[in-house]
Number of protein chains: 2
Amino acid sequence: MSYDALTHHFEQQHHLQHLGAICGWDQATMMPTGGSQARAEAMSTLAILSHQQLQAPQLADWFASAEQSPLTPEQTVSLQEMRRQWRDATMLPSDLVGAFSLAGSRCEHAWRSLRPANDWAGFLPLFEEVVNLSQQVAAARAEVLGLSRYDSLLEQFEPGMRSSTLNQVFTEVKQWLPTLISKVQDKQSHDTVLSPQGPFATEQQRALGLDVMRLLGFDFNHGRLDVSVHPFCGGVSEDVRLTTRYDEQDVAQALMGVIHETGHARYEQGLPVQWRKLPVGQARSMGIHESQSLFFEMQLARHPAFIKQLSPLLTQHFGDQAAFDPNNLAQLYTRVQPGFIRVDADEVTYPAHVMLRYEIERDLIEGKLAAKDVPECWDQLMQTYLGLSTKGNYKDGCMQDIHWTDGSFGYFPSYTLGAMYAAQQASAMQAQLGPLDTLIEQNLPSIFDWLQHNIWQHASLLDTDTLITQACGQPLNASAFKQHLEQRYLG
Amino acid sequence: MSYDALTHHFEQQHHLQHLGAICGWDQATMMPTGGSQARAEAMSTLAILSHQQLQAPQLADWFASAEQSPLTPEQTVSLQEMRRQWRDATMLPSDLVGAFSLAGSRCEHAWRSLRPANDWAGFLPLFEEVVNLSQQVAAARAEVLGLSRYDSLLEQFEPGMRSSTLNQVFTEVKQWLPTLISKVQDKQSHDTVLSPQGPFATEQQRALGLDVMRLLGFDFNHGRLDVSVHPFCGGVSEDVRLTTRYDEQDVAQALMGVIHETGHARYEQGLPVQWRKLPVGQARSMGIHESQSLFFEMQLARHPAFIKQLSPLLTQHFGDQAAFDPNNLAQLYTRVQPGFIRVDADEVTYPAHVMLRYEIERDLIEGKLAAKDVPECWDQLMQTYLGLSTKGNYKDGCMQDIHWTDGSFGYFPSYTLGAMYAAQQASAMQAQLGPLDTLIEQNLPSIFDWLQHNIWQHASLLDTDTLITQACGQPLNASAFKQHLEQRYLG
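These notes cover the structure that comes with them.

Cut-offs applied
- Residues numbered from 1 in each chain as written.
- Chains lettered and ligands numbered in written order.
- Predicted model: local features only at pLDDT ≥ 70, side-chain atom pairs only at ≥ 80, totals over all residues.
- Heavy atoms only, no water.
- Pairing = 2+ DSSP bridges.
- Helix = DSSP H or I, 4+ residues; strand = E, 2+ residues; numbered from the N terminus.
- Axes fitted to C-alpha atoms, helices over the stretch in contact; angles between N-to-C directions.
- Buried < 20%, exposed > 50% of the residue type's maximum accessible area, 1.4 Å probe, protein only.
- Contact = heavy atoms within 4.5 Å.
- Least-squares fit on C-alpha atoms with pLDDT ≥ 70 in both.

1. A look at the sheet that holds strand β3 (residues 239-244) of chain A
All names here are of chain A.
- Here we have 3 strands laid out as an open sheet, ordered β1-β3-β2, and mixed in their pairing. Only two strands of the sheet have a single neighbouring strand rather than two, namely β1 (223-227) and β2 (233-236). Taking the axes of each pair of neighbouring strands and ignoring which way they run, one obtains an average angle of 20° across the sheet.
- Looking at chain direction, β1 and β3 are connected through 5 bridges and run parallel. What sits directly across from Arg-224, in β3, is Arg-241.

Listed below in C-alpha cells is the structure:
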C-alpha cells in the first residue's frame, strides 16, 4: 500500500536525521578541532543522500495513490505533513539550492570576522548576494505555494502564518510597548539589585543545572546535559541533547539558559511516541517550540513563586549570600533595560528587537528595501522602539545576528510568536487550573501535565491555529502577553 | 572516468562509515539507556543504505572499465581494495545475510544472561544455529574466493592469511610454549610483588592516562579519551575516539588499557592523509592493527626502560608508595599465571588461549567438530596447553567470549598474529636503530617514526606479507616472539 511505503520511506528519512542530529551535537560538544573537515564532508554526504531519498521518483506516484486510499483522520494529516516535507525538498531547482547554500556559507563564514571588525563595507557585497538569492528562493517558493514572497519563507518556520497576521498583531504591540518600557524603567529606576558574587565553579553550576532540570521533569533516561559555545537543544525525541555554557562570574544567566533549553527539551520528550518517526510527529513550528522554552523561562522560572524554589538551590550549591534572597533574585530576573543586543534583551524589550527585524526582512525580500539601506533603517527603528542609535555601530546593529548571513529570512518572528503563545497558554492554564503561584508551590507536575495534554502530545497533528485555539480558547493575539507584562512589571 | 566515479562512490561510503563510527562511539560512551531502541533503528537504516550503495548496479561496469584504464601503481592497488570491499558486500545472497545477522543478534543477546548463569544447555541451540549459518556463509564465500571454508572467513579479518600458514606457525609455538610457561612460573615462584594500594580516584586516573597518551604522541587535535564498559579505539582517522574504564581499586590495569588503545589510535592517526577516504587507506588487517596495540603495550610499555618513565607519573598523580618502584612495577607487569580467561591473560599464556580457539573454530567451520562437542574439546586443550580443567565450567570456558556468539569465526588468530608481528617489528627496529632501552630513554619519537615509516603510512597499499617482509626483513614467523619472551621472562 502506498501509504505504508511512504511511511517506511519517511521513517528512513527520520533515521538519517537521527544520525545527523547526534553527529551535529557531537560536533558542537565533543569533536576536537582537527576533526572538522572530515565531519563537514560526512555531514554533507548525509544531506545529499537524504535529499536524494526525498527526490526518489516513485514518491509522486505513492502520494497520488495514497491520497485515494481510505485513511484514518490521523493518517490523512500524516500524509499531508509528509507531502509538505517532500514538497519543500523538491520544489526548488537544484542549481538555485546549490548557489543559495554556497552564498550563505560564504557570508556566514566572513561574518565571523567582519562583525567584530565592524566592517559593513566588507560585509555588504556578500550580504547582497544572500538577499538576492533569498529573493529568488522566495519567488520560486511563492509560485508553487501561491503565497507572497516573504510568506513563502515564513512558511518554512511557521506553517500557516502570514505577514498579514504578523502586521496586525505587531501593529498592536507597537502601540503599547514603547510606553510600557518607559513606565517599567521609571518604576525600576530606584531599585537596588544585588548581583551574585562569584566565582561559581563550573562543576557546581552543572550540578545546580541538573537539579533544576530534575525539578522541571527532564527525563535523563532520554537525554543529557553538556557544554557548547552556543547553547541548544538537539538530538532526537528519544535522546534529547541539551547544552549550556558556564561563566564562572555569572551563575544567573547559565541557570536561566538551562531552564530555557529544558522547555524545548520537554516538548521534544513529550511528543507522541507512536508518531515520532514521521513528519506529523515532529514539533509543530519554531514559534510553538519557542513558546515552550519561553513558558519555562519566562512564565514559570521568573515567576516569584518559582524563584522561591531556586533560591535555596543556589544557597545549597554556592553558600548563602544576600543576592540569593528570593526578592533580590526576582528583581534581578526582571530587570528591564533597553540595549543593542537581541540575545541579551529582557522579556519586555525583546519584542522590539524582533519587530524591527521583521519589518526589515519582509521589505528586503519583497524588494521594497535595498540591502545597502539596512543600517539606516535599523538605526531609525532602534530610535523609535528603544531610543537607541546604532549609527556607524554595525556590529551591535544590523550585523549582530547570524540568521540573515545564511539566508534564514522568516525566522525572527518565531521568537515573539513564542512569547505570545506562552502567555496565552499560561493564561488559559490558570483559567482552568487556578493561579500559577499556587500551582508552582503545590503542584508543579500539573503544569507539565497541562502542556503535555494541550501542546506536546499534538505534535503536528493539528495546525498551529487549531492547536492554540483548542488549548487557549482563542487564536493568536497579544492580549495575554500584554497582560502578563503589565502584571509582572507594573503590577 | 570510471576510476574517478568509483573513487567518489567509495568516498561516500567512507562518509557514511564516519557517521556510523561517531554514533557507535556515542552509543558506548554518551547515550542514555532510553535512546537505545531509536539508535539501533537509525544504525540499521544506515547499514542498509550503505549496503544498497555498494550494490548499485553501475559498479560492475565501472570496475570492468576502470581495470582497462591507465592507472598509477597506487591507483591499481586502490582499485583492488575497492573491488575487495565490493566483492565482500555483494557475494552473499541477501536472505543468508539476513538470517546470519538475526541468528547472531539472538545468540549474542541471550549469551549476556546465559553466560553468567553457566547455562550451556540454553546456549547450545542458539550457538548451533550460528555455527550452521556461519558454515553456509563460509561455503558461499569459499565458492567465490576459491578458498577453503575457514580460510574464506579468515580472509575477512586477515586478507591473504591461510590456515596452512597458521597451522605451521602455531605448531611451532606449541612446541616451546608449554615448557616456557612452566620455566617462567618456576623462575617467578619466589618473587614478592607489591600491588598498588587504592583507592585511585577516577579523575586522577584519567589525568594520568592523558599524560601517558601525550608521552606516546597521541594527537589530541584529532582524537579524545572517554569511558566505556568495553574499552575500544573507534571514531575515524581524523578524529580517533579512544575509550577506557576505571577501577578505583586498580590503577595498573586501566593504565595498560589506555596504552594498548593508544597503539591502535596512533596507527589510525598515522594512516596516509591522501588515501584516508578510500579502502586502500584503511588499516591493513586486524592482525596488523593488533600488532600496533601490542607493540605499544607489550614491546614498549612493559619494557623496564619505559616503566622507569611510568613510575614517576604514578607517584606524581597518586603520591609515593613502594609498589610504584620501577622494579616492582616491572615485576607486576610481567607476572605470568595460567588462567581461564583470555582477556585477563598475560603475554606469555595468551597464545595458548588463541591457539585453542583457532583449532576449535577451524574444525567447527570445516564440519570436523560439532557445536555440542566444543566444551569437551575446550577442556582437553586447556589441560594440554595450560594445565587447567574447565569441565562443567562453561562460563569461564567456551562461553567466555562474545566473538562466536555473533559468528565472528576467523577473528581470534589476529591477536597472536599481532603479538608475533609486534615482536618482529621490535626486532627489526632494534637492528636498524639500536637497543630499545636506549631508544626509550633517549629518543622515544624515533620509535614512532619507525612505525610511521614502516607500517602506518602504508595503510593497505601493500599486502600483509609484503608489508611485514619489507619492514622486518622476513615474513611472518614466531622466532622474534619466542626470543622476546625468553629474553624478557627468562633472561
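2. Brief notes about the environment of Gln-12 of chain B
- Within the secondary structure, Gln-12 of chain B is located in helix α1 (residues 2-29).
- By relative accessible area, Gln-12 of chain B is classed as buried at 11%.
- Considering only alpha carbons, one finds Gln-12 of chain B and Ser-50 of chain B, 38 residues apart in sequence, at a separation of 9.0 Å.
- In contact with Gln-12 of chain B, other than residues within four places in its own chain, are Thr-45 of chain A together with Gln-53 of chain B.

3. Considering the relation of the copies chain B and chain A
- Once turned by 180° and shifted 0.0 Å along the axis, chain B lies on chain A with an RMSD of 0.1 Å. With respect to symmetry, the two chain copies, as superposed, fit the operation of a two-fold axis.
- A share of 100% of interface residues in chain B that are also interface residues in chain A marks the association as one of identical surfaces.

4. A look at the sheet that holds strand β1 (residues 223-227) of chain B
Residues and elements named next belong to chain B.
- Taken in spatial order, the 3 strands line up as β1-β3-β2 in an open sheet, and their pairing is mixed. Each of the sheet's edge strands pairs with one partner strand only, and the pair in question is β1 and β2 (233-236). Between one strand axis and the next, the sheet turns by 20° as a mean value, whatever way the strands run.
- The strands touched by helix α10 (residues 251-270) are β1, β2 and β3 (239-244); relative to β3, the strand with the most contacts, the crossing angle is about 165°.

5. A look at the pairing of β2 of chain B
Residues and elements named next belong to chain B.
- Here β2 shows one buried face, formed by Gly-234 and Val-236, and one open face, formed by Cys-233 and Gly-235.
- Note: β2 against β3, 4 bridges, orientation antiparallel. Directly across from Gly-234, in β3, lies its bridge partner Arg-241.
- Between β2 and β3, which pair antiparallel in sequence order, lie 2 residues.

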